[in-house]
Amino acid sequence: DPQSLELVCESIDLPPSINLGRQDRYFNGHTVAFPSLPSYETITAVFYETEEYTTTNYFREWQKFVYNPDTRVYGVPGDYGWPVEFLGLPVTDYLDVKRYISIELATCWPVSVQKYAYGNTTDRIKVQVELAFHSMKVTIVGGPPSSKKKDAASILNSITQYRS
């Protein structure tokens with residue numbers, strides 16, 4: 001299932017605000033301004049690449065659900081708009097309670113996958129992805145994440161052990 005992949009994200013830039021557009025409608029003999037549907041700016045997320053280029057391939061294949069250049073067919077949101085959840089690493093607050101941040105994006109899709117530069121560096125290769133979405137929910141969760149999900153630290157440890 002292509003929607004169930006777990007990737008390690010180094011950073012995420014959240015949009016600063018919600019943009020409410022304006023729509024003029026004729027109402028009771030007058031033109032009245034009404035708010036239109038909210039729209040969000042895209043977010044930028046930076047993911048770690050794997051040795052098999054799983055991260056880049058994943059987002060490029062996902063983009064083909066939005067527009068497939070081979071068939072020149074555009075997809076519909078039901079095909080390419082997938083839910084995405086980002087789980088932050090645990091942070092211990094002043095009350096010694098471990099808290100996690102959860103960012104859930106509904107109907108999310110990759111807008112662009114940036115190229116990465118090779119050079120004289122010992123850093124991990126990172127993939128920068130721009131994501132669009134229809135709605136966002138940010139929550140602070142006290143205690144560990146659900147047992148079904150792995151937190152980013154355990155995923156990063158498993159990748160590091162694999163590379164060793």
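For the structure, see preceding data.
Conventions used here
Residues numbered from 1 in each chain as written. Predicted model: local features only at pLDDT ≥ 70, side-chain atom pairs only at ≥ 80, totals over all residues. Heavy atoms only, no water. Salt bridge = Lys/Arg side-chain N within 4 Å of Asp/Glu carboxyl O. Helix = DSSP H or I, 4+ residues; strand = E, 2+ residues; numbered from the N terminus. Buried < 20%, exposed > 50% of the residue type's maximum accessible area, 1.4 Å probe, protein only. Phe/Tyr/Trp six-rings, centres within 6.5 Å; stacked < 30°, edge-to-face > 60°. Core = buried A, V, L, I, M, F, W, Y, C linked by side-chain atoms within 4.5 Å. Contact = heavy atoms within 4.5 Å. Polar contact = N/O pair within 3.5 Å; in protein donor to acceptor, adjacent residues only side chain to side chain. Patch = residues over 30% accessible without salt bridge, like charges linked within 9 Å, V, L, I, M, F, W, Y side chains within 5 Å. Areas by Shrake-Rupley, 256 points an atom, 1.4 Å probe, with all protein chains shown as cover.

1. Observations regarding the pattern of salt bridges
Phase 1: What the rule picks out here adds up to one salt bridge.
Phase 2: In this structure, Lys 64 engages Glu 61 in a salt bridge whose closest nitrogen and oxygen atoms are separated by 3.6 Å. One end of the pair, Lys 64, and the other, Glu 61, are both in helix H1 (residues 54-66), three residues apart, so they sit about a helical turn from each other.
Phase 3: Classification of Glu 61 as partly exposed rests on a relative accessible area of 44%.

2. A short note on the packing of aromatic side chains
Phase 1: As enumerated under the stated definition, the model contains nine aromatic pairs in all.
Phase 2: Consider the rings of Tyr 58 and Phe 59, whose centres lie 5.3 Å apart with planes at 80 degrees: the pair is edge-to-face.
Phase 3: On the basis of an interplanar angle of 45 degrees and a centroid distance of 4.6 Å, the ring pair of Tyr 67 and Tyr 74 is categorised as tilted.
Phase 4: The exposure class of Tyr 67 is partly exposed, given its relative accessible area of 30%.
Phase 5: A relative accessible area of 64% places Tyr 74 in the exposed class.
Phase 6: One aromatic cluster is present, formed by Phe 47, Tyr 58, Phe 59, Trp 62, Phe 65, Trp 82 and Phe 86 through successive ring pairs.

3. Description of the nonpolar core
Phase 1: Within the largest apolar cluster, 21 residues are counted, with the highest numbers of intra-cluster contacts made by Phe 59, Trp 62, Phe 86, Leu 105, Cys 108 and Leu 131.
Phase 2: Of all the secondary structure elements, the ones that give two or more residues to this core are strand S4 (43-48), H1, strand S7 (82-87), strand S9 (98-113) and strand S10 (126-132).
Phase 3: Sorting elements by how many residues they give to this core places S9 first, with five residues.
Phase 4: If near-sequence neighbours (up to four positions away) are discounted, Cys 108 is found in contact with Trp 62, Tyr 80, Gly 81, Trp 82, Val 84, Leu 131, Ala 132 and Phe 133.

4. Considerations on the side chain of Ser 112
Phase 1: Relative to the elements of secondary structure, Ser 112 occurs in strand S9.
Phase 2: Using a relative accessible area of 17% as the deciding quantity, one classes Ser 112 as buried.
Phase 3: One polar contact links Ser 112 to Gln 114, side chain to side chain, over a distance of 3.1 Å.
Phase 4: Once residues lying within four places of it in the same chain are set aside, the contact partners of Ser 112 are Gln 63, Gln 128, Val 129 and Glu 130.

5. With respect to a nonpolar patch on the surface
Phase 1: A cluster of nonpolar side chains, contributed by Leu 14, Ile 101, Val 138 and Ile 140, occupies part of the molecular surface with about 330 Å² of accessible area.
Phase 2: Along the chain, Val 138 turns up in strand S11 (residues 135-142).

Taken by themselves, the reported measurements are silent on function.
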